[in-house]
Amino acid sequence: MKLRLILGDQLSSDISSLRDVDAKNDTLLMCEVRAEATYVKHHKKKIVFVFSSMRHFAAELVRSELNLQYVKYDDPQNSGSLVGEVARFLAQGDYDEVIVTAPSEYRLSNEMQSWPSILGIPVTIREDDRFLCTPAEFSNWAKGRKQLRMEYFYREMRRKYSVLMDETGPVGGQWNYDSDNRKPPVAGMTVPDTYRAEPDSVTQEIMTLVETHFPDHFGDLYPFHFAVTRDQALAALDEFITRRLTFFGDYQDAMIQGEPWMYHSHIGLYLNCGLLNPLECIERAEAAFHKGDAPLNAVEGFIRQILGWREYVRGIYWHEMPHYASQNFLEAKRTLPDFFWTGVTQMNCMRQCITETKQNAYAHHIQRLMVLGNFCLLAGIDPDEVNNWYLLVYADAYEWVELPNVSGMILFADGGQLASKPYAASGAYIKKMSNYCASCTYKVTVKNGPKACPFNYLYWDFIGRNDAKLRGNPRMGFMYKSLDRMSTEKRHAIRDDSRRFFKALETNEKGR
Ligand code: FAD
């Protein structure tokens with residue numbers, strides 16, 4: 001008789017822990033526990049999404065006549081931890097084994113190593129084969145390479161799964177169409193809305209629970225419209241494929257004031273908790289291309305995110321943990337400014353991205369990378385504080401995907417393991433790819449002085465401040481040549497503006 005534990009991000013009916021289930025004798029266990037809901041103070045919408053998806057998934061399992069025990073968050077007997085709940089149920093039956101699919105995060109995986117001795121019973125941890133590359137395969141690929149680069153990994157994955165391939169090689173003759181995918185937004189463009197599901201009574205009950213038990217967590221609870229069942233998640237995927245995929249590539253990097261969703265898919269949260277499977281999303285997009293419903297630059301771009309980036313960051317995570325979490329190559333130490341929680345700042349782009357994050361538990365990639373992330377990089381914010389923020393504010397955030405994106409992609413805290421150079425940019429990039437600057441107090445065309453866009457001087461301050469660490473990077477040579485050509489007055493202006501900006505930040509912090 002087995003006790004099969006299903007975690008909150010394992011909501012897939014073909015999950016490895018359920019294979020060979022004996023419907024008569026085995027017990028399935030799902031629990032909403034305090035330890036998981038509060039190890040960071042997750043966005044309220046994220047907790048509603050995970051708990052509601054769990055309860056709907058549990059109902060499906062019961063409909064399949066499996067014997068399931070479900071522990072609600074406010075059950076008076078709930079011990080508050082996964083191991084506590086497993087122990088409680090083991091005591092109620094004659095079990096000979098606990099079976100679980102490998103947790104996605106190092107924290108829990110590490111904790112589980114001690115479960116057999118704590119519980120006094122074998123604990124079998126099965127591979128999570130919903131991913132398209134196992135940690136062992138990734139390590140094999142990485143072994144002996146001087147530099148790890150996503151592009152080469154992605155090509156291997158395209159070959160392995162025969163995705164967008166023909167007899168001669170990649171469809172269209174190129175592996176990557178990214179250079180076609182950098183169009184700025186067009187004035188007056190109307191973007192199709194995101195998928196919206198009506199909260200049912202299960203979701204509403206959890207919304208009340210979250211209001212009661214997590215009142216001090218970040219984020220707006222209303223309106224809630226995420227999918228919480230597999231059927232709804234499939235409908236959300238379908239809407240993306242039919243209504244937004246065509247322009248996914250063209251406007252992948254574009255940002256528009258008041259348009260938080262753009263042409264992105266908004267499926268990351270469903271993929272990460274198991275309501276959608278990565279291969280089915282890839283296949284749907286590829287089929288749209290073959291039917292002539294979406295262009296190659298869009299389809300290849302979308303598939304690269306899932307088959308390439310998603311698997312690559314997970315590979316890096318398991319290859320490099322646990323030391324990856326403590327890296328701070330640029331020795332960044334500054335405290336995360338208070339406006340990351342309130343959205344109250346004069347910088348319109350930051351205000352927009354933070355406010356939308358607070359409302360939706362979502363920001364699209366370029367907002368996370370080139371606005372919020374760029375600011376954290378240039379301002380030298382402590383990686384621990386930045387990681388904590390990103391891990392709690394987004395509904396799709398789990399450490400395996402959040403940490404490499406934050407420490408590797410935005411902060412260069414890993415010294416270049418994930419990205420070949422820091423994604424640092426001045427205000428000119430934000431002006432080119434968005435219409436945020438038009439409504440800003442600061443002037444993006446002004447480089448120095450109190451009216452200047454802070455991204456302009458913070459960019460050069462960052463380059464100068466990190467000279468010893470970054471000058472040797474071959475992809476940064478051009479920047480250091482420009483810095484070397486700068487007059488002493490210009491350098492002083494950059495230093496003085498940056499000092500003034502940081503001082504104002506600190507004063508605000510003290511006045512909190
Ligand atoms: P789309 O833009 O439509 O992309 C499709 C899918 O591709 C996504 O759903 C996701 O599964 C995958 N994908 C795209 N880019 C990446 C990437 N860089 N890494 C991994 N998968 C990717 N993604 C998360 O799932 N969870 C996170 O916690 C997370 N944190 C991030 C933090 C930072 C600083 C940055 C720069 C990126 C982060 N990402 C994270 C990656 C990416 O921004 C989100 O996956 C994406 O914005 C989710 O929205 P979407 O579903 O509309 O994605």
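Rules and cut-offs
Residues numbered from 1 in each chain as written. Predicted model: local features only at pLDDT ≥ 70, side-chain atom pairs only at ≥ 80, totals over all residues. Heavy atoms only, no water. Pairing = 2+ DSSP bridges. Helix = DSSP H or I, 4+ residues; strand = E, 2+ residues; numbered from the N terminus. Axes fitted to C-alpha atoms, helices over the stretch in contact; angles between N-to-C directions. Domains from an automatic or database assignment. Contact = heavy atoms within 4.5 Å. Salt bridge = Lys/Arg side-chain N within 4 Å of Asp/Glu carboxyl O. Polar contact = N/O pair within 3.5 Å; in protein donor to acceptor, adjacent residues only side chain to side chain. Nonpolar A, V, L, I, M, F, W, Y, C, P; charged D, E, K, R; others polar. Near = heavy atom within 4 Å. Areas by Shrake-Rupley, 256 points an atom, 1.4 Å probe, with all protein chains shown as cover. Core = buried A, V, L, I, M, F, W, Y, C linked by side-chain atoms within 4.5 Å. Buried < 20%, exposed > 50% of the residue type's maximum accessible area, 1.4 Å probe, protein only. 1 Å grid on protein atoms, 1.4 Å probe; cavity = no way out; pocket = protein on both sides within 12 Å on 5 of 7 lines; lining within 4 Å. Points joined across faces, edges and corners; volume = space filled by probe spheres on them. Phe/Tyr/Trp six-rings, centres within 6.5 Å; stacked < 30°, edge-to-face > 60°.

## A word on the sheet that holds strand S3 (residues 68-71)
Read from one edge to the other, the open sheet built from 5 strands follows the order S3-S2-S1-S4-S5, with strand pairing classed as parallel. The strands lining the two open edges of the sheet, one partner per strand, are S3 and strand S5 (123-126). Going across the sheet, the axis of each strand differs from the next one's by a mean of 20°, ignoring polarity. Pairing geometry for strand S2 (residues 27-31) and S3, over 4 bridges, is parallel. The residue bridging Cys31 from the neighbouring strand is Val71, located in S3.

## Thoughts on the domain arrangement of the protein chain
Partitioning the protein chain into structural domains gives domain 1 (2-126), domain 2 (135-320) and domain 3 (339-510). Inter-centroid distance (C-alpha atoms) of domain 2 to domain 3 is 24 Å. Between domain 2 and domain 3, the residue contacts involve 35 residues of the former and 39 residues of the latter. Across the domain 2-domain 3 interface, the total number found is 1 salt bridge. In this structure, the salt-bridge partner of Asp220 is Lys358, at a minimum N-O distance of 3.5 Å. Summed over the shared surface of domain 2 and domain 3, the result is 8 residue pairs in polar contact (both at pLDDT 80 or more). Elements that contribute at least two residues to the side of domain 2 that touches domain 3 include exactly helix H10 (268-273) and helix H12 (296-320). Ranked by the residues each element gives to the side of domain 2 that touches domain 3, the list is headed by H12, at 8 residues. The class makeup of the residues in the side of domain 2 that touches domain 3 is 18 nonpolar, 8 polar and 9 charged.

## What to know about the site of the ligand
His264, Ser265, His266, Asn272 and Tyr362 are the nearest of the 29 residues found near the ligand. Ser265 places a side-chain nitrogen or oxygen 2.6 Å from an oxygen atom of the ligand. Gln305 is positioned with one of its side-chain polar atoms (N or O) 3.4 Å from a nitrogen atom of the ligand. For the ligand, whose unbound accessible area comes to 810 Å², protein coverage reaches 99%. Of all the secondary structure elements, the ones that give two or more residues to the shell around the ligand are H10, H12, helix H15 (365-379) and helix H17 (399-410). Looking at the shell around the ligand, its residues break down into 16 nonpolar, 9 polar and 4 charged. When residues are assigned to domains, the shell around the ligand turns out to be shared by domain 2 (135-320) and domain 3 (339-510), each giving three or more.

## Quick look at the nonpolar core
Residues Phe49, Leu245, Tyr270, Tyr312, Phe340, Met350 and Phe375 are the most contacted members of the largest nonpolar core, which totals 153 residues. Per-element tally for this core: the top contributor is H12, with 12 residues. Those residues in contact with Phe375 that lie beyond four places of it in its chain are Pro337, Phe339, Phe340, Met347, Met350, Ile381, Phe455, Leu458, Phe501 and Leu505. In terms of nonpolar packing, the next biggest core, distinct from the first, is built from 21 residues, Leu29, Val98, Val100 and Leu108 among them.

## What to know about empty space enclosed by the protein
The tally for this structure, following the rule as stated, stands at 4 cavities of 30 Å³ or more. Quantified by volume, the largest cavity comes out at close to 400 Å³. Along the walls of the largest cavity sit 24 residues, with Gly8, Asp9, Glu36, Val50 and Tyr398 positioned nearest its centre. It is helix H2 (residues 44-63) that provides the largest number of residues to the lining of the largest cavity, a total of 5 residues. Looking at side-chain class alone, the lining of the largest cavity contains 15 nonpolar, 3 polar and 6 charged residues. What the second largest cavity holds in volume is close to 100 Å³. Along the wall of the second largest cavity there are 13 residues; nearest its centre are Cys349, Cys437, Cys440, Cys453 and Phe455. Broken down by class, the residue content of the lining of the second largest cavity amounts to 11 nonpolar, 2 polar and no charged.

## Some words on the packing of aromatic side chains
Enumeration over the complete set of coordinates arrives at 36 aromatic pairs. Judged by centre distance (6.4 Å) and plane angle (45°), the rings of Tyr106 and Trp318 are tilted. Highlighted residues: Tyr106 in helix H4 (residues 106-112) and Trp318 in helix H12, separated in sequence by 212 residues. The exposure class assigned to Tyr106 is partly exposed, which follows from its relative accessible area of 24%. An angle of 80° between the planes, with centres 6.4 Å apart, marks the rings of Trp141 and Tyr312 as edge-to-face. Here Trp141 is found in helix H6 (residues 135-142), whereas its partner Tyr312 is found in helix H12, with 171 residues between them in sequence. In this structure, Trp141 and Tyr312 share a single accessibility class: buried.

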